[in-house]
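Close look at the chain arrangement
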Amino acid sequence: MRFRRIPLYSPKYRPLSGIWLLFRIGGNVFYCDDFFRRKNPFRSEIIIFAAMEEQLGRRIDFIDHTKGLCIMLVVMMHVGGAFDGLADGPVLSSFTMPLYFFVSGLFFKSYEGFAGFLLRKVDKLLVPFLVFYLGSFLLMYGISKLLPGTFRLPVRWSELLLVFRGHELIRFNPPIWFLVALFNCNMLFYIVHYLREKHLPAMFAATLLIGGAGFWLGRERIELPFYIDVAMTALPFYFAGFWIRRYNFFLFPHHRFDKLIPLFILLAVVTMYFTATPLGMRTNDYPGNLFQVYLAAFAGIFAVMLLCKEVKRVPVVTYLGRYSIITLGVHGPLLFFLRPVVSRFLAGGWVQSVALLALTLAVCLLLTPVIVRLMPQFVAQKDLLNRNQ
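I will try to describe carefully the structure that is included in this document. (Residues numbered from 1 in each chain as written. Predicted model: local features only at pLDDT ≥ 70, side-chain atom pairs only at ≥ 80, totals over all residues. Heavy atoms only, no water.)

Moving on, we come to the overall build of the protein chain. If you tally the helices and strands in the protein chain, you get 13 helices and three strands. Of the contacts formed within the protein chain by residues at least 6 apart in sequence, a portion of 74% connects residues at least 24 apart. About 19600 Å² of surface is accessible on the protein chain, with carbon and sulfur atoms providing 67% of the total. (Helix = DSSP H or I, 4+ residues; strand = E, 2+ residues; numbered from the N terminus. Contact = heavy atoms within 4.5 Å. Areas by Shrake-Rupley, 256 points an atom, 1.4 Å probe, with all protein chains shown as cover.)

Before going further, it helps to spend a moment on the environment of Ala-206. Here Ala-206 shows up in helix H7 (residues 200–219). Spatially, the C-alpha atom of Ala-206 lies 6.9 Å from that of Val-192, the residues being 14 residues apart in sequence. Those residues in contact with Ala-206 that lie beyond four places of it in its chain are Val-192 and Leu-195.

Inspection of every chain in the model, using the stated rule, returns four salt bridges. Among the salt bridges present, the one from Lys-67 reaches Asp-64, with a minimum N-O distance of 4.0 Å. Of this pair, Lys-67 and Asp-64 both sit in helix H2 (residues 41–79), three residues apart, which is roughly one turn of that helix. On the basis of relative accessible area, Asp-64 is assigned to the buried category, the value being 9%. With its nearest N and O atoms 3.4 Å apart, the salt bridge here joins Asp-383 to Lys-124. Of the two residues, Asp-383 is situated in the segment after helix H13 (350–374) and Lys-124 in helix H5 (residues 114–146); the sequence distance between them amounts to 259 residues. (Salt bridge = Lys/Arg side-chain N within 4 Å of Asp/Glu carboxyl O. Buried < 20%, exposed > 50% of the residue type's maximum accessible area, 1.4 Å probe, protein only.)

As a further point, take the layout of surface pockets. Where empty space is left can be seen by rolling a probe of water-molecule size over the atoms. Here the second largest pocket is characterised by a volume of approximately 590 Å³. Taken together, 21 residues make up the lining of the second largest pocket; nearest its centre are Met-77, His-78, Ala-87, Leu-279 and Gly-280. Of all the elements in the fold, those that place two or more residues in the lining of the second largest pocket are H2, helix H3 (84–88) and helix H4 (90–106). Counted by class, the lining of the second largest pocket contains twelve nonpolar, six polar and three charged residues. (1 Å grid on protein atoms, 1.4 Å probe; cavity = no way out; pocket = protein on both sides within 12 Å on 5 of 7 lines; lining within 4 Å. Points joined across faces, edges and corners; volume = space filled by probe spheres on them. Nonpolar A, V, L, I, M, F, W, Y, C, P; charged D, E, K, R; others polar.)

On to the environment of Leu-328. Among the secondary structure elements, Leu-328 is positioned in helix H12 (residues 324–345). Take Leu-328: its relative accessible area is 4%, and that puts it in the buried class. Taking the C-alpha atoms as reference, Leu-328 lies 9.5 Å from Asn-173; in sequence the two are 155 residues apart. Ignoring sequence-local partners within four residues, the contact set of Leu-328 consists of Ile-71, Asn-173, Pro-175, Ile-176, Phe-178 and Leu-179.

Right, let's get into unusual backbone geometry. Despite not being glycine, Phe-226 has its phi angle at roughly 55°, a positive value. Looking at where Phe-226 falls in the secondary structure, it is placed in the loop between H7 and helix H8 (228–247). Residue classification places Phe-226 among the partly exposed residues on the basis of a relative accessible area of 33%.

Glancing now at helix H11 (residues 315–322). Turning to H11, its buried residues number three or more, namely Val-317, Thr-318, Leu-320 and Gly-321. Buried positions in H11, seen along its axis, are confined to an arc of 160° and lie on one side of it. In H11, the exposed positions angled more than 90 degrees off the buried face are occupied by Pro-315 and Arg-322. (Arc of directions from axis to C-beta.)

Quick look at the packing of H11 against H13 now. Close contact between H11 and H13 brings their axes to 11 Å; oriented N to C, the two are set at 60°. With respect to H13, the element H11 is oriented oblique. For the element pair H11 and H13, the recorded crossing hand is left-handed. Of the residues in H13, those touching H11 at Val-316, Tyr-319 and Leu-320 are Leu-361, Leu-365, Thr-368 and Pro-369. Its residues placed into classes, the contact of H11 with H13 shows six nonpolar, one polar and no charged. (Axes fitted to C-alpha atoms, helices over the stretch in contact; angles between N-to-C directions. Parallel < 35°, antiparallel > 145°, perpendicular 65-115°, else oblique. Left-handed = near helix turned anticlockwise from the far one by under 90°.)

With that settled, the discussion passes to a nonpolar patch on the surface. There is a patch of nonpolar side chains on the surface, built from Phe-257, Leu-260, Leu-263, Phe-264, Leu-266, Leu-267, Val-270, Tyr-273 and Phe-274 and spanning about 910 Å² of accessible area. Within the secondary structure, Val-270 sits in helix H9 (residues 261–275). (Patch = residues over 30% accessible without salt bridge, like charges linked within 9 Å, V, L, I, M, F, W, Y side chains within 5 Å.)

Next up on the list: the packing of aromatic side chains. With the rule as written, the count across this model stands at 31 aromatic pairs. Between Phe-137 and Tyr-141, the aromatic rings sit 5.8 Å apart at their centres with planes inclined by 25°, giving stacked as the arrangement. Of the two residues, Phe-137 and Tyr-141 are both situated in helix H5; the distance of four residues between them amounts to about one turn of the helix. You'll find Phe-137 and Tyr-141 in the same group, each marked buried. Three or more aromatic residues joined by ring pairs make a cluster, and in this case those are Phe-108, Phe-114, Phe-117, Phe-189, Tyr-190, Tyr-194, Phe-204, Tyr-238, Phe-239, Phe-242 and Trp-243. For Arg-120, the ring lying beneath its charged end belongs to Tyr-111, and the centroid distance is 4.1 Å. (Phe/Tyr/Trp six-rings, centres within 6.5 Å; stacked < 30°, edge-to-face > 60°. Lys NZ or Arg CZ within 6 Å of the ring centre and 35° of its normal.)

Mapping Thr-96 onto the fold places it in helix H4. Contact partners of Thr-96, with chain neighbours within four places excluded, come to Cys-70, Leu-73, Val-74 and Met-77.

See the structure below:
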């Protein structure tokens, strides 16, 4: 196989036309000419796609590791108790949910058009939202009827309308607001990304303007339905994930800057220390100024991403990340039932909070393969609506 190899930063590098078979590994571009590919099509494609698959596998493990750590932080913040100081503090809250939007941007794909894109996002986000939304409500409603007094407040059918009432807390499953906000963020970015080919500066400008408008709505306490204002504020994070995936290669193994990862993490932590303010993304509430909010969030995002790249892979965390939508959807209702069980045997404080966190994550790990096996179409593991793919 005849390969040519040039650094990505070389002035010789230019986007190549369709007659070239082009792929990237680390900080380099590899390609072979069309004549050789046609002459030996089978051998060339096997070698190229094997190399691509190997690198892609590594990258997915690294990203899943990041998602796993992120969902663990989300669960920890919802456990509360001794973790309240961390959850309510400026550092963790400044980047945890922005990180989720950033990682989602890494996987953006326009597909064959808006109809196909919309159908897939309904499949991957709105269908799981409805399953977790209705399932958790019906579970709690049934228990409240069978065992009156189980919950401090009665469970009423009117609570099903909560999602239509601005940013009210979804009491029977608080974390799943994120799925609606992420769906809207995808829709916004689909529109913006059309500017990429011919009007790249306009794409940057539109993203910043939409993000700034969402931030302004939050400061003025103007709420848009279905978390549209939250999606607007989060759009720069989603855009950054999309941009990093395509035009910056620190995500790939063996990048030339990898040896500087500890220094970059240190700089990011110092940046967060001086700029972080508590973020309330569900309510679109940001006490800091625009510069502080985005700088601290991006510092936290890159600190976590680089840390996960350096650590490589922790199987349990990677597994949680791969199926993070399931942990996101079930840990809220689980905490309603596990909290009184743990508090009955353990006094308050760090021991109780750590035990509740560990037990919640353990139950999520046990439920995940069962849910994936029994209802994969309802938890974004298989297509429900888009059966042609």
